[in-house]
Each structure stands twice: as C-alpha cells, then as structure tokens.
Amino acid sequence: MTQPTVHQVPVTAPPGAGARGPGASSPASPGPLRRALRSVTPGPSADAGGAALYRRWWLPWLWMTPAIVGATVFGVFPFLNTVVVSFTDAKPLGGAYDVVGLANYRRMLGDPDFWLATRNSLLYALIVVPLMVLLPLLLAILVEKNLPGIGFFRSAFYTPVLASSVVVGLSWQWLLSDQGLVNTWLLKAHIIREAIPFLSDSWLILLSAMGLTLWKGLGWYMIFYLAALGNVPRELHEAAAVDGAGAVRRFWNVTVPGVRQSMMLVGTLTGIGSLRVFTEIYMLGGSTGGPGGADRTLPFYIRDVGLDPLTGNAGYGAAVSVALFALTLGLTLLAQRLTKEDEA
C-alpha cells in the first residue's frame, strides 16, 4: 500500500523577527527607568500612522500650555477671585476685610439703583440686538453685488469699526450737543424751534448711545454676513424668481434661512456686548451716567459702587459682577438652545 506524500509548508517568520545566528546577540531589555517613563508617557495607539507614530500623547498639550496658562491667569483666576470677594466687605485699595456671607447679595436685591442699571442694560439689549441682527444683513445684501465703485462703499461702511470708541464718542458728542451739527442743521431748516436735548435728557442719552453702538458695529457684522451670503446657492434665488417670488419674498424664504446660523451668532455676540456697554454711556452721559445716574448700565454701576477709592465697596461690586455674569450666561444659553432647536 502506497503511503501518501506529505508536503511540508514553509513557515514564514513574522516581520522583524529575523533568525538569530550563532553569533547574534539578543537585544538588551529596557532598564527600570525607561520602563517607568514608558508607563507614564505611553506611545501612540496601535492603529496610528504617519507622523502620529512618533508623537507622544502629551505633545498637543505642550503646544496648548501657553494658551491654557494665559486663560487661567487672566480668566479663570480673576473670576474665582471675584466670586470669593463677593462674600466679603473688601475695599478697592485692599486692607483688612471681613466675610459677610450673603449680605452683599441681599443688599443688591433691595437696591433700586441696581435694578435701574439692570433695566437699562436689558433695554439696551432688547433694542440693539434685533437691529444689529437685521441691519448689517441688509447692508451686506446692498454691497454684495459687484458694481463699479462698490469697494469704496464697503470700505466706508467698515471705517467706523477701525475708529476708537473714545474718538467716535467725542465725534457724536460734538454732533449731538445743543450747538452741534444736528441741532444747528435742524434749526436752520426750521424743522425744530429749539435744540433737542440729546445729551441732557435721560431717555435721549440712552437712545443716542444705542445709535452709536449700531453705527460702530454695522460694518463689523456686515463682514460676517458677506461671508455667509457667499454660501447661499444662487440656484435657490433663480428657482424662486422663476416661481414668481419677488425680492422681499426671496429675502425671507431664501436669504434668511441660508444665513440663519450667522444671525444666531451675531445675536449672541451683540447681546453679550450690549450687556457690557460702558464707553458709549460715559462719553454721551458724562462721568455720572446721565442726569442723576439715570442712564447707568450694569458695568457703569459696578464702577461706581465697587471701584471708587473713597466710598467703594469691592465686595458689593463683585456681587453685582457675579449677577452680570449670570445674566450674560443665561442669554448665551438661551441663544444656544434656540440654535439647537433651529438645527433640529
């Protein structure tokens, strides 16, 4: 009976596992110090490729260290320090202080000046935010077309953004004074009989400050919308025009949905900026914040009650600062929720 022939299949050694001859020496095992370092700083994952093979896990954190340190020193630590100070009666120039618990917050809730400043800040945001969301969009649509000389108008609309807030405030102060350009022109045109008290009436000061904020921010947010309009497909406008939609209908049904995310971003940034407004009120209403402090916003009020070297209470000012932070955070979370609902 014939025995079957058995074919032997050669076994291939795994890559890197070469045969060691009689004179080959085994590689030295890593020492205890190297094993400890490898356990603390492990290498890349097994499925990594390319440059990641030579990159340690802590290397990205090393590049981020300056930003993290800067944010901690100039952001996180001052915030935590403000929260701690809000429970004390510390003075602006330092010195001994006592822990007063929630006394500053109880005082804040019963302070009519605090509620007046809160009303001014919220009113500022309620008026400025919708206008700042809509007007720059209309301006961007106006200058989006490539017409002869349109570059000049784009630069002109953006120029106020480059100017200092103090310089712009002084310019508006000159324009709106009783003998300023606006009142002089209106009087000579016999439109009014006496000068309009733009800089002495509390409501007109607040409205003038809002106009200054709008005028200075239009060009900045116009750039946001110009970038967003470039991503709206032209085919949608052409299809809507073929269906008989006019300019207004195309604006609401095509343009607005196409730039909705940018509108949410502009609304959030403008809302935060409106709650922090200070320079406009100071330049138009003076160091008192309007007659009797009637136009003071929350940042203005914080300066008055917390930073005055003689009568200020840094602890109470810190408590108002925490309230301003909570108000700003609430507005930001609301805008984020609205954005998520819109995406859903």
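Residues numbered from 1 in each chain as written. Predicted model: local features only at pLDDT ≥ 70, side-chain atom pairs only at ≥ 80, totals over all residues. Heavy atoms only, no water.

Moving on, we get to the overall build of the chain. In terms of regular secondary structure, the chain is built from 14 helices and 0 strands. The order of helices and strands in the chain, counted from the N terminus, is α-α-α-α-α-α-α-α-α-α-α-α-α-α. Here the chain holds 344 residues, and the buried ones make up 30% of them. Here the analysis covers contacts within the chain between residues at least 6 apart in sequence; of these, 65% occur between residues at least 24 apart. Of the roughly 22200 Å² of accessible surface on the chain, a fraction of 66% belongs to carbon and sulfur atoms. (Helix = DSSP H or I, 4+ residues; strand = E, 2+ residues; numbered from the N terminus. Buried < 20%, exposed > 50% of the residue type's maximum accessible area, 1.4 Å probe, protein only. Contact = heavy atoms within 4.5 Å. Areas by Shrake-Rupley, 256 points an atom, 1.4 Å probe, with all protein chains shown as cover.)

The residue D111 is located in the loop between α3 (103–109) and α4 (112–144) in this model. In this structure the side chain of D111 is engaged in a polar contact, spanning 3.0 Å, whose partner is the backbone nitrogen of D113. Discounting chain neighbours no more than four positions away, the residues touching D111 are Y301 and Y316. (Polar contact = N/O pair within 3.5 Å; in protein donor to acceptor, adjacent residues only side chain to side chain.)

Here we take up the pattern of salt bridges. This structure, assessed with the given rule, holds 4 salt bridges. Linking R296 and D304 is a salt bridge whose minimum nitrogen-to-oxygen distance equals 2.9 Å. For R296, a relative accessible area of 13% corresponds to the buried category. R303 is paired through a salt bridge with D304; the nearest N and O atoms lie 2.7 Å apart. Note on R303: relative accessible area 26%, which makes it partly exposed. (Salt bridge = Lys/Arg side-chain N within 4 Å of Asp/Glu carboxyl O.)

Here we take up α4. Compared with the 48 Å implied by 1.5 Å per residue over 33 residues, the 47 Å span of α4 between its first and last C-alpha is a close match. M132 marks the point of greatest bend in α4, at about 25°, and the proline P136 comes within the next four residues. For α4, the N-terminal cap is D111; the gap from its side-chain oxygen to the backbone nitrogen of D113 is 3.0 Å. (Expected span 1.5 Å × (residues − 1). Bend = angle between axes of the 7 residues up to and from the residue.)

This part covers the side chain of S121. Residue position: S121 is located in helix α4. Residue S121 is classed as buried on the basis of its relative accessible area of 0%. Leave out the neighbours within four places in its chain, and S121 touches S274, L275, T297, L298 and P299.

In the structure shown here, the tally under the stated rule is 12 aromatic pairs. Aromatic pair F152 and F153: ring centres 5.4 Å apart, planes at 75°, arrangement edge-to-face. Owing to a relative accessible area of 60%, F152 belongs among the exposed residues under this scheme. Owing to a relative accessible area of 43%, F153 belongs among the partly exposed residues under this scheme. Connected via pairs of aromatic rings, a cluster forms that spans W220, Y221 and F224. Positioned above the aromatic ring of Y316 is the side chain of R107, whose terminal nitrogen or guanidinium carbon lies 3.8 Å from the ring centre. (Phe/Tyr/Trp six-rings, centres within 6.5 Å; stacked < 30°, edge-to-face > 60°. Lys NZ or Arg CZ within 6 Å of the ring centre and 35° of its normal.)

With that settled, the discussion passes to the packing of helix α6 (residues 165–176) against helix α8 (residues 202–229). Helix packing geometry: the angle between the two helix axes and the distance between the axes. At a minimum axis separation of 11 Å, α6 and α8 run at an interaxial angle of 130°. On the basis of the axis angle, α6 is oblique to α8. Our pair here, α6 against α8, has a crossing hand that is right-handed. Taking contact as the criterion, the partners of S165, V168, G169, W172 and L176 in α6 are, on α8, S208, G211, L212, W215 and K216. (Axes fitted to C-alpha atoms, helices over the stretch in contact; angles between N-to-C directions. Parallel < 35°, antiparallel > 145°, perpendicular 65-115°, else oblique. Left-handed = near helix turned anticlockwise from the far one by under 90°.)

As a further point, take the environment of M263. In this structure, M263 sits in helix α11 (residues 260–275). Separated by 127 residues in sequence, M263 and P136 have C-alpha atoms that sit 9.9 Å apart. In this structure M263 touches V133, L137, Y225 and V256, once residues within four positions along its chain are discounted.

Moving on, we get to helix α13 (residues 298–306). Of all 9 residues in α13, 7 are buried; the element is thus mostly enclosed. Residues of α13 that are buried include every one of L298, P299, F300, Y301, I302, V305 and G306, and no others.

The subject of this paragraph is the nonpolar core. Counting 53 residues, the largest nonpolar core has Y124 and V320 as the members making the most contacts within it. Tallying contributions element by element places α4 first for this core, with 12 residues. Here Y124 is in contact with L206, A209, M210, T213, S274, V277, E280 and I281, once residues within four sequence places are set aside. (Core = buried A, V, L, I, M, F, W, Y, C linked by side-chain atoms within 4.5 Å.)

Here α4 crosses helix α5 (residues 150–162) at 155°, and the two axes come no closer than 9 Å. Relative to α5, the element α4 is oriented roughly antiparallel. For the pair α4 and α5, contact is made by L139, L142, V143 and E144 and by I150, R154 and F157, respectively. Split by residue class, the contact of α4 with α5 holds 5 nonpolar, no polar and 2 charged. (Nonpolar A, V, L, I, M, F, W, Y, C, P; charged D, E, K, R; others polar.)

The next subject is the confidence of the model for the chain. With 83% of its residues at a pLDDT of 70 or more, the chain has an overall mean of 83. Per-element confidence in the chain is highest for α3, whose mean pLDDT is 94, and lowest for helix α1 (residues 32–40), whose mean pLDDT is 56. Note that pLDDT drops below 50 for residues 11–27; the model gives that stretch 2 contacts with residues more than four away or on any other chain. (pLDDT = per-residue confidence, 0-100.)

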